[in-house]
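# A look at the structure
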Amino acid sequence: MANILVINGPNLNMLGKREPEHYGRQTLGDIIEELETLADDYEVRLYNFQSNAEHEIVERIQTAIEDIDFIIINPAAFTHTSVAIRDALSTVKIPFIEVHLSNIHKREAFRTHSYFSDLAEGVIAGLGPIGYQLALAAAVEKLK
Ligand SMILES: O=C(O)[C@@H]1C=C(O)[C@@H](O)[C@H](O)C1
């Protein structure tokens, strides 16, 4: 059974309370609950991790080398800043899909650059929580 790790970055623990015009009103728990139902249907094992700390995300990616087949990551603000997380992904060489709830290309200029997109299998942005579900479907397809 494939192991898929979902990583969410800083401030995503505040979903539901945070700028609903950009991030909607679902909590991260709501989003993950929907993903877990889908994972059951796909017969894959889902692991979830959220942190506001860059080093914790780096370390979670490092340990993923032991048992994770695919990563779905919303690096949140670290999308635009983190060479460290980029380097961790390059080190473990686990395929990943980059997800953003909002369309980062329709927002402030600083959000239009990602340190991850050129390494990703694919990027989904602007579709809200469905973006995670689409990423899971794509991951399952790629792991066949
Ligand atoms: O759309 C999202 O999910 C991303 C989430 C964040 O927290 C922002 O810092 C990013 O710029 C966009």
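About the cut-offs
- Residues numbered from 1 in each chain as written.
- Predicted model: local features only at pLDDT ≥ 70, side-chain atom pairs only at ≥ 80, totals over all residues.
- Heavy atoms only, no water.
- Helix = DSSP H or I, 4+ residues; strand = E, 2+ residues; numbered from the N terminus.
- Rg over C-alpha atoms; globule rule 2.2 N^0.38 Å.
- Buried < 20%, exposed > 50% of the residue type's maximum accessible area, 1.4 Å probe, protein only.
- Contact = heavy atoms within 4.5 Å.
- Areas by Shrake-Rupley, 256 points an atom, 1.4 Å probe, with all protein chains shown as cover.
- Lys, Arg positive; Asp, Glu negative; His and termini not counted.
- Charge placed at Lys NZ, Arg CZ, Asp CG, Glu CD.
- Pairing = 2+ DSSP bridges.
- Near = heavy atom within 4 Å.
- Polar contact = N/O pair within 3.5 Å; in protein donor to acceptor, adjacent residues only side chain to side chain.
- Nonpolar A, V, L, I, M, F, W, Y, C, P; charged D, E, K, R; others polar.
- UniProt positions renumbered as here; feature names shortened; annotations may be inferred.

The next point concerns the overall build of the chain. In terms of regular secondary structure, the chain is built from 5 helices and 5 strands. Mapped in sequence order, the helices and strands of the chain form the string β-α-α-β-α-β-α-β-β-α. Its C-alpha atoms give the chain a radius of gyration of 14 Å, within 12% of the compact-globule value 15 Å for 144 residues. In terms of its C-alpha atoms, the chain occupies a principal-axis envelope of roughly 40 × 30 × 25 Å. Sorting the 144 residues of the chain into buried and exposed places 44% on the buried side. Sequence-distant contacts, at least 24 apart, represent 77% of the contacts inside the chain between residues at least 6 apart. Summed over its atoms, the accessible surface of the chain is roughly 7100 Å², and 50% of this surface lies on carbon and sulfur atoms. Within the chain, one finds 12 positive and 21 negative side-chain charges whose respective centroids are separated by 5 Å.

Of all the 6 residues making up strand E1 (residues 3-8), 6 are buried; the element is thus mostly covered by neighbouring parts of the structure. For E1 and strand E3 (residues 70-74), the ladder comprises 5 bridges, and the chain directions are parallel. Along E3, the bridge assignment pairs asparagine 8 with asparagine 74.

Around the ligand, 13 residues are found, and the nearest of them are Arg18, Asn74, His80, Leu101 and Ser102. Side-chain polar atom of asparagine 74 to an oxygen atom of the ligand: 2.8 Å apart, as the coordinates give it. One of the backbone nitrogen or oxygen atoms of alanine 77 is found 3.2 Å away from an oxygen atom of the ligand. In terms of residue class, the shell around the ligand is made up of 6 nonpolar, 4 polar and 3 charged.

The next subject is the UniProt feature "active site" (unreviewed entry) in the chain. Under the local residue numbering, the UniProt record ascribes the feature "active site" (unreviewed entry) to Tyr23 and His100. Across 78 residues of sequence, these annotated residues stay compact in space, with a maximum C-alpha separation of 9.1 Å. Residue position: tyrosine 23 is located in helix H1 (residues 20-23). If near-sequence neighbours (up to four positions away) are discounted, tyrosine 23 is found in contact with Leu15, Arg18, Leu101, Ser102, Arg107 and Arg111. Locating histidine 100 in the fold gives a position in strand E4 (residues 96-100). Since its relative accessible area comes to 4%, histidine 100 is described here as buried. At a separation of 2.6 Å, a polar atom in the side chain of histidine 100 contacts the side chain of glutamate 98.

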